Amino acid sequence: MAINVTSVLLSVIILAGVGFLWMRGGVSGDFTGEGNGETVVVEVAQGSSLSDLSTELTEQGIVATEDAFMSAANSHSRSGELQPGFYRLEKKMSAASAVEALLDSANQAGTVDIPTGTRLMDTHIVASDDVRKGIFTLISEASCMGEGDCVSTAELEQAAGTMDPAALGVPAWAANEVGSRGDDPRRLEGLITPGVHQFNPQASAGEIISSLVSESAARYEETGLEASAQRVGLSPYELITAASLIQMEAPDGDFDKVARVILNRLEEPMRMQFDSTVNYDLEDQEIATTDEDRARVTAWNTYAKDGLPDTPIASPSIEAITAMENPAEGPWLYFVTVDKDGRTVFTTTFEEHQVAIQESIANRVLDSNR
């Protein structure tokens, strides 16, 4: 009887052990297939390797064992190509499938690449079907965990317009200006830098915006923003605003000259009269503006108001920021792009400027499609 009881107990223990191993992915210590359909988000930190992820993937039930994942990672020919960011994986993936998924950029979520000069809202171009996606749209698309499972642009706009600026990551040097704009989501214009940003796609709209604004403020401050602003006679927020004008008005290579024009006009004083500031608040936009457009009194239209716009009018690049921090030396008060290759003429007198404008019109740069 003792022998029989012992045999039964051993059988139970063996069956329990086999059952546990089966639940963990089989006796081999690995799951099979590409997952069970339950999505899990995994963050790959900057500088992480595939082997660094083995413990987290095992704990989240994505792979069966650390050893299986390490073995699959070490034997993969592209194991050194892992990129930082957030990845959509599934629970109960084979180790090989998990490695392939982490090396496939299609599985990334929460990575947004913002072009220079992008605005928060979508921009429609006159007389065309061209709509340039704004930052809120780009963030929304990058947040999608699956079809229909995205942070909406409406949620992002709501958070941008109503949350406390500090909770949105707004730096102290921009807090007063942002707070004075009330519940307009565009109060955050210019505070999210161009370039690649990564955020947790499962975070709330406010948390996503906060992470991007905080990261952007740090990038701006790395240029020596606050000291440079004081040196050129602007506040840090004004410098960002002026840099956004450079971004929208100047061709590459002329950023520092346009920076000088801005400072010269502020010193005169004379109005900026930049068409880009007229366009900012228009539903349909193009390079040229009409007399009626330029007569509209808005918070941005520098034909109708003194000084700089109340907010930036786009996301300025670091190049535009550093140009504003280090303007060229010169007496210029005017500039205009005169051909479609981007050649820009800088002048000191209004008469010289009028000649350059006529050249620009003749070259169809200032054509209107309205």
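Residues numbered from 1 in each chain as written. Predicted model: local features only at pLDDT ≥ 70, side-chain atom pairs only at ≥ 80, totals over all residues. Heavy atoms only, no water.

- Taking an unreviewed UniProt entry as the reference, the protein chain is identified by name as Endolytic murein transglycosylase belonging to Corynebacterium xerosis.
- The record held by UniProt for the protein chain lists under Sequence similarities (unreviewed entry) the comment "Belongs to the transglycosylase MltG family." (UniProt positions renumbered as here; feature names shortened; annotations may be inferred.)

1. Overview of the pattern of salt bridges
- As enumerated under the stated definition, the model contains 16 salt bridges in all.
- Salt-bridge contacts for Arg186 lead to Asp184; the nearest nitrogen and oxygen are separated by 3.3 Å. By the burial criterion, Arg186 is buried, and Asp184 matches it.
- Between Arg294 and Asp291 there is a salt bridge, with the nearest N and O atoms lying 2.4 Å from each other. (Salt bridge = Lys/Arg side-chain N within 4 Å of Asp/Glu carboxyl O. Buried < 20%, exposed > 50% of the residue type's maximum accessible area, 1.4 Å probe, protein only.)

2. A short note on the sheet that holds strand β3 (residues 108–109)
- Spatial strand order, β1-β2-β3: 3 strands in an open sheet with antiparallel pairing. Strand pairing shows two members of the sheet lacking a second neighbour, β1 (39–44) and β3, which therefore form its edges.
- Of the pairings in the sheet, the one linking β1 to strand β2 (residues 85–90) comprises 6 bridges and is antiparallel in character. Note that in β2 the partner of Val42 across the bridge is Tyr87. (Pairing = 2+ DSSP bridges. Helix = DSSP H or I, 4+ residues; strand = E, 2+ residues; numbered from the N terminus.)

3. What to know about the side chain of Ser315
- Mapped onto the fold, Ser315 is located in the loop between α13 (291–295) and α14 (318–325).
- Under the relative-accessibility criterion, Ser315 is labelled buried at 1%.
- Apart from the residues lying within four places of it in its own chain, the contact partners of Ser315 are Thr116, Gly117, Thr118, Ile135, Gly190, Ile192, Pro194 and Gln247. (Contact = heavy atoms within 4.5 Å.)

4. Observations concerning the packing of helix α7 (residues 172–179) against helix α10 (residues 236–249)
- Where α7 meets α10, the closest approach of the two axes is 8 Å, and the angle between their N-to-C directions is 75°. The angle between α7 and α10 falls in the class roughly perpendicular. Contacts between α7 and α10 pair Trp173, Ala174 and Glu177 from the former with Pro236, Tyr237 and Ile240 from the latter.
- Here the contact of α7 with α10 is composed, by residue class, of 5 nonpolar, no polar and 1 charged. (Axes fitted to C-alpha atoms, helices over the stretch in contact; angles between N-to-C directions. Parallel < 35°, antiparallel > 145°, perpendicular 65-115°, else oblique. Nonpolar A, V, L, I, M, F, W, Y, C, P; charged D, E, K, R; others polar.)

5. Considering the environment of Gly61
- Checked against the element boundaries, Gly61 lands in the loop between α2 (54–59) and α3 (66–74).
- Its relative accessible area of 22% is what places Gly61 among the partly exposed residues.
- Sequence separation between Gly61 and Gly307 is 246 residues, and the spatial gap between their C-alpha atoms is 58 Å.
- Not counting residues within four places of it along the chain, the set of residues in contact with Gly61 comprises Phe31, Lys91 and Lys92.

6. With respect to helix α9 (residues 225–232)
- Turning to α9, its buried residues are Leu225, Ser228, Ala229 and Val232. Looking straight down α9, one finds its buried side chains confined to an arc of 100°; they lie on one side. The exposed residues of α9 that point more than 90 degrees off its buried face are Ala227, Gln230 and Arg231.
- Where α9 is buried, its residues contact α7, α8 (205–221), α10, α11 (255–267) and α14.
- The first or second residue beyond α9 is Gly233, which carries a positive phi of 85°. (Arc of directions from axis to C-beta.)

7. What about the nonpolar core?
- Core analysis: the biggest nonpolar cluster contains 61 residues, and Leu188, Ile209, Ile246, Ile262 and Met324 have the highest contact counts within it.
- Examining the composition of this core, we find that 7 residues originate from one element, α10, more than from any other.
- Of all hydrophobic cores here, the second largest spans 22 residues; its members include Val63, Ala68, Ala72 and Val99. (Core = buried A, V, L, I, M, F, W, Y, C linked by side-chain atoms within 4.5 Å.)

8. Observations regarding the side chain of His197
- For His197, the position within the fold is in strand β7 (residues 195–198).
- The class for His197 is buried, based on a relative accessible area of 0%.
- A distance of 3.3 Å separates polar atoms of two side chains, one belonging to His197 and the other to Glu215.
- Those residues within four positions of His197 in sequence are excluded, and the remaining contacts are Gly110, Thr111, Val112, Ile114, Ile192, Leu212, Glu215, Ser216 and Arg219. (Polar contact = N/O pair within 3.5 Å; in protein donor to acceptor, adjacent residues only side chain to side chain.)

9. Quick notes on the UniProt feature "site: Important for catalytic activity" (unreviewed entry) in the protein chain
- As recorded in UniProt, the sites labelled "site: Important for catalytic activity" (unreviewed entry) are Glu249.
- Looking at where Glu249 falls in the secondary structure, it is placed in helix α10.
- Ignoring sequence-local partners within four residues, the contact set of Glu249 consists of Phe274, Asp275, Ser276 and Phe335.

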